[in-house]
Amino acid sequence: HKKFNFRGFRWARAMIHAIQEVNNRLDILPNITLGYHIYDTCFTTSKTVEGTLAYLTGQNETMPNFRCSAGAPLVAVIGAGGSTLTIASSRIVGLYYFPEVGYASSCSVLSDKYQFPSFLRTIPNDNHQSLAMAELVRHFGWVWIGTIAADDDYGKYGIKYFKQNVEKSGICIAFSETIPKIFSREKILAVVEAIKESTANIIVVYSSDIDLSPLMEEIANSNITGKTWIASEAWVTSALIAKPEYFSFLGGTIGFGVRRGDIPGLKDFLLDVHPDNAASDDLTIEFWQTAFNCTWPNSTVPYNTDFRINVTGRESGVHPVSDQLCTGKEKLEDIKNTYLDVSELRITYNVYKAVFTVAHALNNLDTCVEGNGPFPKNSCAIIYDFEPWQLMYYLKNVKFTTFDNELVKIDDNGDVYASYDIINWQLNETGEISFVKIGIYNDTKDGHEMKIYNNDSIFWNTPTLKPPRSVCTENCQPGARKGIRHGVPACCFVCIPCADGEISNKTDARECFPCPDDYCSNTLKNECVLKEVEFLAYDEALGTTLVAVSLFGACIVLSVTIVYRIHRDTAVVKANDRGLSFLIQLSLVITLLTSFLFVGKPKEWSCQIRQVTLALGFSLCLSCILGKTIALLLTYRGSKLNAAEKHDHISMQSFHQKLLVLISMIIEVCICTAYLTCIPPYVYKNMEFQNVKIILECNEGSIEFLCTMFGFDVFLAVLCFITAFIARKLPDNFNEAKFITFGMLVFFIVWISFVPAYLSTRGKFKVVVEIFAILASSFGLLGCIFLPKRYIILLKPERNTEEIISGKATTNDNSAPSTSASCTSEVTNSTLSSMVALTSGGSQEAVTCLSSSMHCPCPQVPLLQHSGWGRCAEPPGPPLCLGAGGTCELLPGSHAELGREPASPAPTGLLKAQSPEPPASLFDQVFQLHRFGLHRFGTIKIDIKFWLHFKNIPKGQINLCKHSELYQFNLETNKTHLDSPTKVPSLPLAGCGLLPFL
């Protein structure tokens, strides 16, 4: 609130006073002490729910558990301070059948025991008040009435029941306005304007004082007079509204107040409050600070306000801290505010009765005699351990008499007997507003009874001081239409605001007519204005940025193409079909430039070609990648085969790759053609989500065709990923499959993320999301596939050779990143021979290699017989040196056969040198050795780390040279790996030994 709610604090103190009175009495709950918890609802539903849950759990935690802590049993809830708040809390406690007794919640819906089974109240049901208001209007002969209600359950239900009753008597409603719960000056001014323009002089207001206060401030500023207000009990005696400065327009107000009572000892109890007596009571400290305009020493309690936007939605204008410190010697008797005003104890009296209602119910539960109880087997409940439903039984049957002989009895609906005082606002001698009782309204067994004591005693705020006259003369302004209400005189009508999209541009219009499709109604609903058209335009920042990024990407692709064109005859460019590489670059340019079709005002042609172009671009790209990955996969599988199996191995030729691309494109073109022929996309004006805006977008026509079209792309992408993933470990210096795998992962991540983002957006941002996905996936493929190649071409040209790319030579360039490309070549189709070399002596002599066609760094001698046995040296033979792809391996033994064990012992010193087909890498081949005719067989496999693995080698010692460094190993029988080598000084080796044995 704008300031501390003194009225609410008085209600809380009245509850404490009533509880202490019960504890001090011997006739009610002897030997039982009642306690209490006070929760501040801040007049908001959220705080009400929070307080209710904290009370139920017992731990100040808003958890929906019944009870989380031990201690005294919970009895009942007294409250809350308004109908809307009570509805929120009662729905929670009603789940457990936990009693709640209301003192200010009069809304009629709370009498519904299906919704609120455990709610009772000591204030009459609003249905009685609405009937009393209708009777008052009929009594004075008013037929033209304005109504104002708070935007909550209290106001809506109360005014609704009032209308239903007055309309039966032919009384017309001139206007019906709503006061917003959250402050809105625009809405408040609209209510003020309705009051000004209306000729109705009688206005019925169903609202709390807090909700009504902003409206009264605006009415005071607008100087509206000559109206007679009919007040509901919630504000008829409120000091917040009944201010002397408001008397000029609120004087003569007639309202209904609940029965008042003078509570003995309450005034003294209200004066007996001091922060020193309740140091931990924040409410008391805040009350003291606000009442005396000071700050309590060492207190963190805010002054006057919690410095938040108050419940009416307005910023509090009071500073949270006062410069003046409280002394504690301030006297409450010296101040004048609502807290100490005990002259009109109406809601406060209901608080008192609510406490005693619970107390008498508990007393009846406690005095139950076992054997005569109301529960099964005539049992009774135990006062220290009872269930909420047991107390509810006694609450529904409670009956007692208050100190002023008022009988309190709860009926089956949880309501009490209805009795109202009819109050008239008059100005007394001191200039204050006094509440003069001019009549009564009572609910009787035969219906109801209203009695006005004397019409002459009523003050009327009219120039003649006579009862006002109110007739049906209201005009409906533009933006509203005349609505004839059935069952009332034809002269009486109401002004119904035109609905959104409809207008009326003349006074007293019979109907509102709709605006054309491209138009909407303005705020006043008196003119049709052109709707705003929304699409992603080139001239807005977002559209310009996306177009610039797509152009930038296309330029990057073109730069890659230029580099490829210049270096087209190098190994990296020729690797794995350079034609496919150029096609992939073309497809990436297409997909990147497709963004232009998504930006700008949608046209029929752009709607039809943008998705098709995108699908075809991705199909071309993915089919080319698939051709590459299948070739890599077949090469990888071929590298695992021995010489005999390679005769039947299938290889992927350049022609086959391009044929695969052609077939894929034909399939995609057929799907796209069917899509555009059967159900093509079209421009659609989307007005479903906003009434004031047209979203110009492309309707994709057939979702089935669209999914099929892009589903084929997904199918190609999945195949690309699977084949690339399998071939990612192809043991070459330049394996393209790894980065294709990364590229496809990026592709999948982008488009999987695209789906939920696309479905959750509206308007032009859907187009933005799709363009972003196109750009991200295109850049991902571009970077993963071509960036490593471009790096080698431009920055590492020494690695761009056939020998290094195909893995037949190695490089010690550790500065270069591990790259990926292809392991096959367009031009290497001839059969390669393994290179076998002999040395003429020991380890320190030169090593010579035999080679058929490939260059070997070792000194070469002619191959004696290209495809048979050749005499290389006389026994005993020196170690062998085998070489392939530019490397030579020195192996011990006098003769060997590549790929298989010799069918029969070969002549000493004779070698079979030819390999049936080129090995993928020497380091994946298996060699069978036969040394010095001793028939010592062993299998050696050289892995990609350039170490040797031995199997079935007899126990002994072996030396291994790696990168010109000598390592010594001790072999154990059946040892499969060489572990823990000992480095020894290198020997002066000569020739071809990348991995020479000594």
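Residues numbered from 1 in each chain as written. Predicted model: local features only at pLDDT ≥ 70, side-chain atom pairs only at ≥ 80, totals over all residues. Heavy atoms only, no water.

Defined as follows: UniProt positions are given in the numbering used here, feature names are shortened, and annotations may be inferred rather than shown by experiment.
Per an unreviewed UniProt entry, the protein goes by the name Vomeronasal type-2 receptor 1-like and belongs to Terrapene triunguis. Per UniProt, the protein carries the Subcellular location (unreviewed entry) text "Cell membrane". Turning to the protein, the UniProt record has this under Sequence similarities (unreviewed entry): "Belongs to the G-protein coupled receptor 3 family."

## Describing the overall build of the protein
Keep this limit in mind: Helix and strand assignments come from DSSP, with helices taken as H or I runs of at least 4 residues and strands as E runs of at least 2, each series counted from the N terminus. A 1.4 Å probe rolled over the protein chains alone gives each residue an accessible area, and that area as a share of the maximum for its type sets the label: buried under 20%, exposed over 50%, partly exposed in between. Only the protein chains shown count as cover for residues, and the accessible areas themselves come from Shrake-Rupley with a 1.4 Å probe.
Looking only at helices and strands, the protein features 22 helices and 37 strands. In the protein, which comprises 998 residues, the share counted as buried stands at 51%. Total accessible area computed for the protein in this model is approximately 45700 Å², and 56% of it derives from carbon and sulfur atoms.

## Side note on the state of the cysteines
Convention followed: The definition used for a disulfide is geometric: two cysteine sulfur atoms within 2.5 Å.
Scanning the model with the defined rule gives five disulfides in all. The residue that forms a disulfide with Cys-368 is Cys-380, at a sulfur-sulfur distance of 1.8 Å. Residues Cys-368 and Cys-380 are joined by a disulfide whose S-S torsion is about -60°; by sign, that bridge is left-handed. A residue pair is termed long-range when its members are at least 10 positions apart, and Cys-368 in the loop between α11 (347-366) and α12 (388-396) and Cys-380 in the loop between α11 and α12 qualify at twelve residues. Just as Cys-368 is buried, Cys-380 falls in that class too. Between the sulfur atoms of Cys-498 and its disulfide partner Cys-512 the distance amounts to 1.9 Å. Taking the sign of the S-S torsion, -75° for the link of Cys-498 and Cys-512, the bridge is left-handed. In this pair, Cys-498 sits in the loop between β15 (493-497) and β16 (502-503) while Cys-512 sits in the loop between β16 and β17 (513-514), placing the two residues 14 residues apart along the sequence. As far as the burial class goes, Cys-498 and Cys-512 line up, both buried. Looking at Cys-621, it has no disulfide partner, and the nearest cysteine sulfur is the one in Cys-624, 7.2 Å off.

## Observations regarding the pairing of strand β21 (residues 682-686)
Just so we agree on the cut-off: Pairing between strands is defined by DSSP: at least two bridges between the two strands are required.
As judged from the five bridges shared by β21 and strand β22 (residues 693-699), these two strands associate in the antiparallel manner. Paired with Lys-685 across the two strands is Leu-696, which belongs to β22. The loop that links β21 with its antiparallel partner β22 comprises six residues.

## Describing the sheet that holds strand β8 (residues 254-258)
The cut-off we apply is this: As a rule, the C-alpha atoms of each element are fitted with a line to give its axis, helices using only the stretch in contact, and angles between N-to-C directions run from 0 to 180 degrees.
Taking strand neighbours across the sheet as the criterion, the eight strands line up as β5-β4-β6-β7-β8-β11-β12-β13 in an open arrangement whose pairing is mixed. Since the sheet does not close on itself, it has two edges, and those belong to β5 (172-179) and β13 (447-452), each with one partner. Averaged over all adjacent pairs, the angle separating strand axes in this sheet is 25°, with direction ignored. Bridge analysis of strand β11 (residues 419-427) against strand β12 (residues 433-444) gives nine bridges, and the strand direction is antiparallel. Following the sheet pairing, Ser-419 is matched in β12 by Asn-442.

## A short note on the pattern of salt bridges
Any two side chains of opposite charge can pair if their charged atoms end up close together. Our working rule: What makes a salt bridge here is a side-chain nitrogen of Lys or Arg within 4 Å of a carboxyl oxygen of Asp or Glu, nothing more.
Enumeration according to the criterion identifies 21 salt bridges in this entry. Across the pair Arg-346 and Asp-421 runs a salt bridge whose closest N-O atoms are separated by 3.0 Å. With Arg-346 in the loop between α10 (282-292) and α11 and Asp-421 in strand β11, this residue pair connects regions lying 75 residues apart in the sequence. The burial state of Arg-346 is the same as that of Asp-421; both residues are buried.

## Focus: the packing of helix α13 (residues 541-566) against helix α15 (residues 578-593)
Applicable threshold: Reported orientations rely on four angle classes, namely roughly parallel under 35 degrees, roughly antiparallel over 145, roughly perpendicular from 65 to 115, and oblique for the rest. Rotating anticlockwise by less than a right angle from the far helix to the near helix defines a left-handed crossing, while the corresponding clockwise rotation defines a right-handed one. Should any heavy atoms of two residues lie within 4.5 Å, those residues are counted as being in contact. Each residue receives one of three labels: charged for Asp, Glu, Lys and Arg, nonpolar for Ala, Val, Leu, Ile, Met, Phe, Trp, Tyr, Cys and Pro, and polar for the others, Gly being one of them.
Interaxial distance between α13 and α15 falls to 8 Å at its minimum, and their mutual angle equals 165°. Regarding the angle of α13 to α15, the classification is roughly antiparallel. Seen along the crossing, α13 lies across α15 with a hand that is left-handed. Where α13 abuts α15, its residues Ser-550, Leu-551, Gly-553, Ala-554, Val-557, Leu-558, Val-560, Thr-561, Tyr-564 and Arg-565 lie against Ser-581, Phe-582, Gln-585, Leu-588, Val-589, Leu-592 and Leu-593. Its residues placed into classes, the contact of α13 with α15 shows eleven nonpolar, five polar and one charged.

## Focus: unusual backbone geometry
A cis amide bond links Gly-79 to the next residue, Ala-80, at an omega of 0°. Mapped onto the fold, Ala-80 is located in the loop between β1 (77-78) and α3 (83-93). In this model, Asn-31 sits at a positive phi of 65°, which is unusual for a non-glycine residue. With respect to the helices and strands, Asn-31 occurs in the loop between α1 (6-24) and α2 (45-57).

## Things to note about the environment of Leu-325
Looking at the secondary structure, you find Leu-325 in the loop between α10 and α11. Each C-alpha atom, one on Leu-325 and one on Gln-289, is 8.8 Å from the other, the two residues being 36 residues apart in sequence. Ignoring any residue separated from it by four or fewer positions in sequence, one finds Leu-325 in contact with Cys-294 and Thr-295.

## Examining a nonpolar patch on the surface
Going by this rule: Patch membership requires more than 30% relative accessible area and the absence of a salt bridge. Residues of like charge join within 9 Å; the nonpolar side chains Val, Leu, Ile, Met, Phe, Trp and Tyr join within 5 Å.
A cluster of nonpolar side chains, Phe-655, Leu-659, Leu-662, Ile-663, Ile-666 and Ile-667, forms an exposed patch at the surface whose accessible area comes to about 560 Å². Residue classification places Ile-663 among the partly exposed residues on the basis of a relative accessible area of 43%.

## Examining the packing of α15 against helix α21 (residues 764-795)
Remark: α15 packs on α21, axes separated minimally by 10 Å, with the N-to-C direction vectors making an angle of 155°. In terms of orientation, α15 and α21 fall into the roughly antiparallel class. Considering only the axes of α15 and α21, their crossing is left-handed. Contacts from Ser-581, Ile-584, Gln-585, Leu-588, Thr-591 and Leu-592 in α15 reach Ile-774, Leu-775, Ser-778, Phe-779, Leu-781, Leu-782, Phe-786 and Lys-789 in α21. In the contact of α15 with α21, the residues fall into nine nonpolar, four polar and one charged.

## Examining helix α5 (residues 153-167)
Along an α-helix, residues three or four positions apart point the same way, because every turn accommodates 3.6 residues. Counted only if it meets this: A helix is expected to span 1.5 Å multiplied by its residue count minus one.
For α5, built from 15 residues, the straight-helix expectation of 21 Å at 1.5 Å per residue is met to within 8% by its first-to-last C-alpha distance of 21 Å. Listed in full, the buried residues belonging to α5 are Tyr-154, Gly-155, Gly-158, Ile-159, Phe-162, Lys-163, Asn-165, Val-166 and Glu-167. If you follow the buried residues of α5, they end up packed against α3, α4 (126-140), β4 (144-150), β5 and β6 (202-206).

## What to know about the sheet that holds strand β3 (residues 119-121)
If you walk across this open sheet you meet the three strands as β1-β2-β3, and the pairing is parallel. Across the chains shown, the open sheet's two edge strands, defined by having one partner strand only, are β1 and β3. In this structure, strand β2 (residues 100-102) lies alongside β3, joined through three bridges in parallel fashion. The partner of Glu-100 across the bridge, within β3, is Phe-119.

## Section: the nonpolar core
To keep things clear, this is the line we draw: Definition of nonpolar core: a set of buried residues of the types Ala, Val, Leu, Ile, Met, Phe, Trp, Tyr and Cys, connected through side-chain atoms within 4.5 Å. A domain assignment, automatic or from a database, supplies the domain bounds used here.
One finds Ile-145, Phe-162, Phe-287 and Leu-362 to be the most contacted residues of the largest nonpolar core, which totals 100 residues. No other element matches the twelve residues that α11 contributes to this core. Domain assignment of the residues forming this core places at least three in each of domain 1 (6-123 + 266-274 + 330-405) and domain 2 (126-259 + 419-452). Ignoring sequence-local partners within four residues, the contact set of Phe-287 consists of Phe-4, Phe-6, Phe-9, Val-273, Leu-332 and Tyr-339. Formed by 62 residues, the second largest nonpolar core is a distinct cluster that contains Leu-580, Ile-584, Leu-633 and Ile-793.

## Some thoughts on the packing of aromatic side chains
Going by this rule: Working definition: a ring pair exists when centres of Phe, Tyr or Trp rings (six-membered ring for Trp) sit within 6.5 Å. Plane angles under 30 degrees give stacked, over 60 give edge-to-face, the rest tilted.
On inspection of all chains with the given rule, the structure shows 38 aromatic pairs. Look at Tyr-352 and Phe-403: their rings are 5.4 Å apart centre to centre, the planes differ by 80°, and that puts the pair in the edge-to-face class. Note that Tyr-352 is positioned in helix α11 and Phe-403 in the loop between β9 (399-401) and β10 (407-409), a separation of 51 residues in sequence. Exposure remark for Tyr-352: the relative accessible area of 5% places this residue in the buried category. For Phe-403, a relative accessible area of 33% gives the class partly exposed. Among the aromatic side chains, those forming a connected cluster through ring pairs are Phe-618, Phe-721, Phe-725, Phe-747, Phe-748, Trp-751, Phe-754 and Tyr-758.

## Some words on the UniProt feature "transmembrane region" (unreviewed entry) in the protein
With numbering matched to this structure, UniProt assigns "transmembrane region" (unreviewed entry) to residues 546-567, 579-600, 612-638, 659-683, 703-727, 739-759 and 765-787. Counted over residues 739-759, helix gives 100% and strand 0%. Its end C-alpha atoms are 31 Å apart.

## Description of the pairing of β4
Of all seven residues making up β4, seven are buried, and the element is well covered by its neighbours. In β4, alternate side chains face the same way, and those of Trp-144, Gly-146, Ile-148 and Ala-150 on one face and Ile-145, Thr-147 and Ala-149 on the other are all buried. For β4 and β5, the ladder comprises seven bridges, and the chain directions are parallel. When the bridges of β5 are listed, Thr-147 appears paired with Ser-176. The pairing of β4 with β6 spans five bridges and is parallel. Directly across from Ile-145, in β6, lies its bridge partner Ile-202.

## Considering the environment of Asp-411
Rule in force here: Contacts described as polar in this section are N or O atom pairs within 3.5 Å, which, within protein, must combine one atom able to donate a hydrogen with one able to accept it, while residues neighboring in sequence count only if both atoms come from side chains.
Tracing the backbone through its elements, the reader meets Asp-411 in the loop between β10 and β11. On a C-alpha basis, the gap between Asp-411 and Lys-399 in space is 9.9 Å, while along the polypeptide they are twelve residues apart. A distance of 2.7 Å separates the side chain of Asp-411 from the backbone nitrogen of Asp-415, its partner in a polar contact.

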